[in-house]
Amino acid sequence: MEATFLAQNFVPIMFAGLLVLLLTGFPVAFALAACGLGFGFIGMEAGLFPPSLFQALPLRIFGIMQNDTLLAIPFFTFMGIILQKSGMAEDLLETVGQVFGPVRGGVAIAVILVGALLAATTGVVAAAVISMGLISLPIMLRYGYSRVIATGAITASGTLAQAIPPSLVLIVLADQLGRSVGDMYAGALLPGLLLVGLYVLFIVGVAIFKPAMVPALPPEARIYREPNGQSGHVSLMVLLLLCTAVGYAWASSHDAIMAAWLDRTQESPGDEMVIMSMTVASLVALALAIVNRITGLGLLSRLAEQVTFVLMPPLILIFLVLGTIFLGVATPTEGGAMGALGALILAVSRKRLDKKLMNQALENTAKLASFVLFILIGSTVFSFTFNAADGHFWVENLFKDMPGGAIGFLIVVNILIFILGCFIDFFEIAFIVIPILAPVAEKILPGLVPGMTADQAMIWFGVIVAMNLQTSFLTPPFGFALFYLRSVAPKNDYKDRITGQTIASVKTAEIYKGSIAFIVLQLIMVAAIIAFPNLVTGGIKEGTKIDADAAFEQMLEREGDAKDEDQPVSMDDFKPAADAPSAQDPAKALEAEMKAGKK
């Protein structure tokens, strides 16, 4: 009787056991592995699994070690830490703040734009929120910004690291969904930029209807002025128009250039064209600024020159990394390696690279990479037992008869991830929840939109999840971004070092209130992506369809022709190539065979 009850309720009992372990405060990676191994042994003792079940597990673990895609995580982490520790955030906030400071809401707009840039370089929410909290919050408090707007802009722009390429979240989601990282980047690019645009429009709306909440910087706070007293914005505008014309000219001839360079016949995707046009425009701006400084012609104002030297190098680095990935010239791992090298070059050029910085970057990168690896190993052990118990069928049946069909599935999944994101890190969500939901999503979602392929549906699903995780990072009272800002916001009244005035402390309630408007904007963006899948799938190239079964049969025929009929055949003869998808998980065949034997 007990064995029958266990067999019928094994999967929900396993989930309950994992929840209990997590609530005890046991590290997530080891809780996952302990739950998987423990319930695996229970299942074998109860006769639910064959005794040889875990023979395939070492192959699964070695498959993780052979996953080249995950190498992109330490590369992009290293790139972000080098850029952050070398003072890039301070330079960007000061310079962009000077550009937009003369208009109402300008500092908040600068925070959002720099937050988007930090998201594309650091890729970590904590780094972005803490950096901007330390640098820009005192400035906004000094000049009379509403605390609700100031704190909301900082926390919201910091969470952009979840969804703007080259995000670590998108790398992990692409790996767990079994899809291309390049496609995930292409799918997330437009929604991420649209979300930044929504933030900026919100600040503009506040500046129009509630101008006292977002005052402009006073004249004495503007540090880049010409000898004649002018601000230098006219020169900056002329440079911007010139670079825009160069970018437009490149976009007009992009297809012809790519056809000559890469022997490409089909039309280039829009995201690739935008990234390459912006790269060329940025390079032209940097070249003009260098010529202007060397020759002393004085064609550019101090502000235009400062903006170019501070803003263009990290922008060019990001555009080159994304451009080579979108072009197919480099894999995401190779693009990450190029980004790490570029970050080192930028730090050296600014004379900010020393032994201490390198030690910090290498240590933090090693910690994060080890953290991700151990969680992935633990989740692999858990999912191994979960799938052996046919848990994916249990989850599928759970969602199959849900009201609303595929839309109902998306709504429930988004609510689930929204709630989980308030309590656990995005890595843990990606490694625990996504592998469980992915098989169900792959069956349900392709039929939702006519003409949508399975690959496009899963990329769409991944971008929805990434955008949702941003929302959960802001939600009071558990949003991580709120805690990060609370840790650096002034807890007591203090005297401002510039004005000499006493500035009141920032209350936790003010940080919570500031997040609400931006949560609404993020939910609008999630709803827009669900309602208009083309925002994601429009930038994804549909690859050539391959009949995997026919290809495998042809491979076996070629192998058979190449061997002597009397020579014994080894199983090694039928191993797939190292770059084949099945090579990433060599245990699947053995696991399937054991499950068949069990039945």
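The present account deals with the structure reproduced in this document. (Residues numbered from 1 in each chain as written. Predicted model: local features only at pLDDT ≥ 70, side-chain atom pairs only at ≥ 80, totals over all residues. Heavy atoms only, no water.)

1. Focus on the overall build of the chain
Counting its regular elements, the chain contains 25 helices and two strands. Taken across its 599 residues, the chain has 52% of its residues classed as buried. Residue pairs in contact within the chain that sit at least 24 positions apart in sequence constitute 77% of those at least 6 positions apart. (Helix = DSSP H or I, 4+ residues; strand = E, 2+ residues; numbered from the N terminus. Buried < 20%, exposed > 50% of the residue type's maximum accessible area, 1.4 Å probe, protein only. Contact = heavy atoms within 4.5 Å.)

2. Thoughts on helix α16 (residues 355–388)
In a regular helix each residue adds 1.5 Å, so 34 residues correspond to 50 Å; α16 covers 49 Å between its end C-alpha atoms and thus fits that length. In the segment just after α16, Asp390 is the residue with positive phi, at about 60°. (Expected span 1.5 Å × (residues − 1).)

3. Describing the packing of helix α9 (residues 147–158) against helix α21 (residues 480–488)
Put simply, α9 and α21 touch, their axes get as near as 9 Å, and they point 120° apart. What the angle tells us is that α9 and α21 run oblique. Considering how the two elements wind past one another, α9 and α21 form a crossing that is right-handed. Here α9 contributes Thr151, Ile154 and Thr155 to the contact with α21, which in turn contributes Ala481, Leu482 and Leu485. Of the residues assigned to the contact of α9 with α21, the class counts are four nonpolar, two polar and no charged. (Axes fitted to C-alpha atoms, helices over the stretch in contact; angles between N-to-C directions. Parallel < 35°, antiparallel > 145°, perpendicular 65-115°, else oblique. Left-handed = near helix turned anticlockwise from the far one by under 90°. Nonpolar A, V, L, I, M, F, W, Y, C, P; charged D, E, K, R; others polar.)

4. A closer look at α9
Compared with the 16 Å implied by 1.5 Å per residue over twelve residues, the 17 Å span of α9 between its first and last C-alpha is a close match. Most of α9 sits inside the fold, with eleven of its twelve residues counted as buried. All buried positions along α9 are accounted for by Arg147, Ile149, Ala150, Thr151, Gly152, Ala153, Ile154, Thr155, Ala156, Ser157 and Gly158.

5. Topic: unusual backbone geometry
Phi at Lys351 takes a positive value of approximately 60°, unusual for a residue other than glycine. Checked against the element boundaries, Lys351 lands in the loop between α15 (332–349) and α16. Among the residues examined, Lys351 registers a relative accessible area of 79% and is labelled exposed.

6. Description of the layout of surface pockets
Roughly 1200 Å³ of internal volume is contained in the second largest pocket. As for the second largest pocket, its lining consists of 40 residues, and the residues nearest its centre are Met278, Leu311, Met312, Leu315 and Phe319. Every element with two or more residues in the lining of the second largest pocket is listed here: α6 (88–100), α7 (106–121), α11 (181–209), α12 (233–262), α13 (270–295) and α14 (302–327). When residues in the lining of the second largest pocket are grouped by element, the largest group, ten residues, is from α12. (1 Å grid on protein atoms, 1.4 Å probe; cavity = no way out; pocket = protein on both sides within 12 Å on 5 of 7 lines; lining within 4 Å. Points joined across faces, edges and corners; volume = space filled by probe spheres on them.)

7. Some points on a nonpolar patch on the surface
Together, Ile407, Ile411, Ile415, Ile419, Phe423, Phe478 and Phe483 give the surface a local cluster of nonpolar side chains, amounting to about 640 Å² of exposed area. Here the nonpolar patch gets four residues from one element, more than from any other, and that element is helix α18 (residues 405–421). With respect to the helices and strands, the residue Phe423 is situated in the loop between α18 and α19 (426–444). (Patch = residues over 30% accessible without salt bridge, like charges linked within 9 Å, V, L, I, M, F, W, Y side chains within 5 Å. Areas by Shrake-Rupley, 256 points an atom, 1.4 Å probe, with all protein chains shown as cover. Salt bridge = Lys/Arg side-chain N within 4 Å of Asp/Glu carboxyl O.)

8. A word on the packing of aromatic side chains
Aromatic ring pairs: the centre-centre distance and the angle between the two ring planes describe each pair. The full count for this structure, using the stated rule, is five aromatic pairs. Judged by centre distance (5.2 Å) and plane angle (85°), the ring pair of Tyr199 and Phe518 falls under edge-to-face. Of this pair, Tyr199 sits in helix α11 while Phe518 sits in helix α22 (residues 508–531), and the two are 319 residues apart along the sequence. Exposure class is identical for Tyr199 and Phe518. Each is buried. Arranged with centres 5.3 Å apart and planes meeting at 75°, the rings of Phe202 and Phe518 form a pair that is edge-to-face. One end of the pair, Phe202, is in helix α11; the other, Phe518, is in helix α22, and 316 residues separate them in sequence. (Phe/Tyr/Trp six-rings, centres within 6.5 Å; stacked < 30°, edge-to-face > 60°.)

Remember, this is a structural readout, not a statement about activity or role.
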